[in-house]
Amino acid sequence: MSHTLDFINEMQLALEQELQTLNKDLSSVSSPDVGDHVAGDYAPIYKHSDEVGDENSTLADDLDAHAVNVDVTATLEARKAHVEQAIAALEAGTYGVCAKCEQDISEERLMANPAALLCMSCAQ
Ligand SMILES: [Zn+2]
């Protein structure tokens, strides 16, 4: 691996900070999944109109809001899975190496996306 230790440390810090932000964002749109009937670790929060204090809100509005939470939860969970994979690669000592062709991933690409697991050409 040609990446310097300083660079790896910098990426590790960025990944850990992103993971914290993701966990915070996830807890704002969803609650930790208590059952195993929903894929992922989080279940989107269902906000009823009584709870959001909007008397004019209809069931359809509630369902729309729920659908948005489902989308946001799915996006955040997918990103979290990427970040966790990258952190696992850091621990395994394989971070910064393309998972497909095993060439070094450029520092430029990693700075843009610290969770990148594929080099630029394999990602295309
Ligand atoms: Zn590659």
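Residues numbered from 1 in each chain as written. Predicted model: local features only at pLDDT ≥ 70, side-chain atom pairs only at ≥ 80, totals over all residues.

Right, let's talk about the overall build of the protein chain for a bit. Each helix and strand in the protein chain was counted, giving 5 helices and 2 strands. Ordered by position from N to C terminus, the α and β elements of the protein chain give α-β-β-α-α-α-α. Within the protein chain, counting contacts between residues at least 6 apart in sequence, those at least 24 apart form 52% of the total. (Helix = DSSP H or I, 4+ residues; strand = E, 2+ residues; numbered from the N terminus. Contact = placed C-beta atoms within 7 Å.)

Another aspect to go through is helix H3 (residues 59-92). Over its 34 residues, H3 runs 48 Å from end to end, which matches the ideal 50 Å to within 8%, given 1.5 Å per residue. When we look at burial in H3, the residues that qualify are Thr-73, Leu-76, Lys-80, Val-83 and Ala-86. Of the residues trailing H3, Gly-93 is marked for its positive phi of about 80 degrees. (Expected span 1.5 Å × (residues − 1). Buried ≥ 20, exposed ≤ 12 C-beta atoms within 10 Å, placed from the backbone.)

This paragraph deals with the confidence of the model for the protein chain. For the protein chain, per-residue confidence averages 85 on the pLDDT scale, and 81% of positions sit at 70 or higher. Helix H2 (residues 49-52) is the least confidently modelled element of the protein chain, averaging 52 in pLDDT, while helix H4 (residues 107-112) averages 96, the highest of any element. (pLDDT = per-residue confidence, 0-100.)

What follows concerns the nonpolar core. Judged by nonpolar contacts, Met-11, Leu-15, Val-83, Ala-86, Tyr-95, Cys-98, Ile-105, Leu-110, Ala-115, Ala-116 and Cys-119 together constitute the single largest core of 11 residues. Put simply, the parts of the chain that give this core at least two residues each are helix H1 (5-29) and H3. Ignoring anything within four residues of it in the chain, the contact list for Leu-110 reads Met-11, Gly-96, Ile-105 and Ala-116. (Core = buried A, V, L, I, M, F, W, Y, C linked by C-beta atoms within 7 Å.)

A separate point is unusual backbone geometry. For Glu-102, which is not a glycine, the phi torsion comes out positive at approximately 65 degrees. Here Glu-102 shows up in the loop between H3 and H4.

Two residues of an α-helix separated by three or four positions point the same way, owing to the 3.6 residues in each turn. In this model, H1 (25 residues) spans 36 Å end to end at C-alpha, consistent with the 36 Å of a helix rising 1.5 Å per residue. Taken residue by residue, H1 has Met-11, Leu-15 and Leu-26 as its buried positions.

Looking now at the environment of Leu-90. If you trace the backbone, Leu-90 turns up in helix H3. Under the C-beta neighbour-count criterion, Leu-90 is labelled partly exposed, with 18 such atoms within 10 Å. Along the backbone, Leu-90 and Gln-12 are 78 residues apart, and their C-alpha atoms lie at a distance of 7.3 Å. The residues touching Leu-90, leaving out its near neighbours within four places in the chain, are Ile-8, Gln-12 and Tyr-95.

Another point: the environment of Cys-98. Its location among the elements puts Cys-98 in the loop between H3 and H4. Cys-98 gets classed as buried once you count the C-beta atoms within 10 Å, which come to 20. Ignoring any residue separated from it by four or fewer positions in sequence, one finds Cys-98 in contact with Gln-103, Ile-105, Leu-118, Cys-119 and Cys-122.

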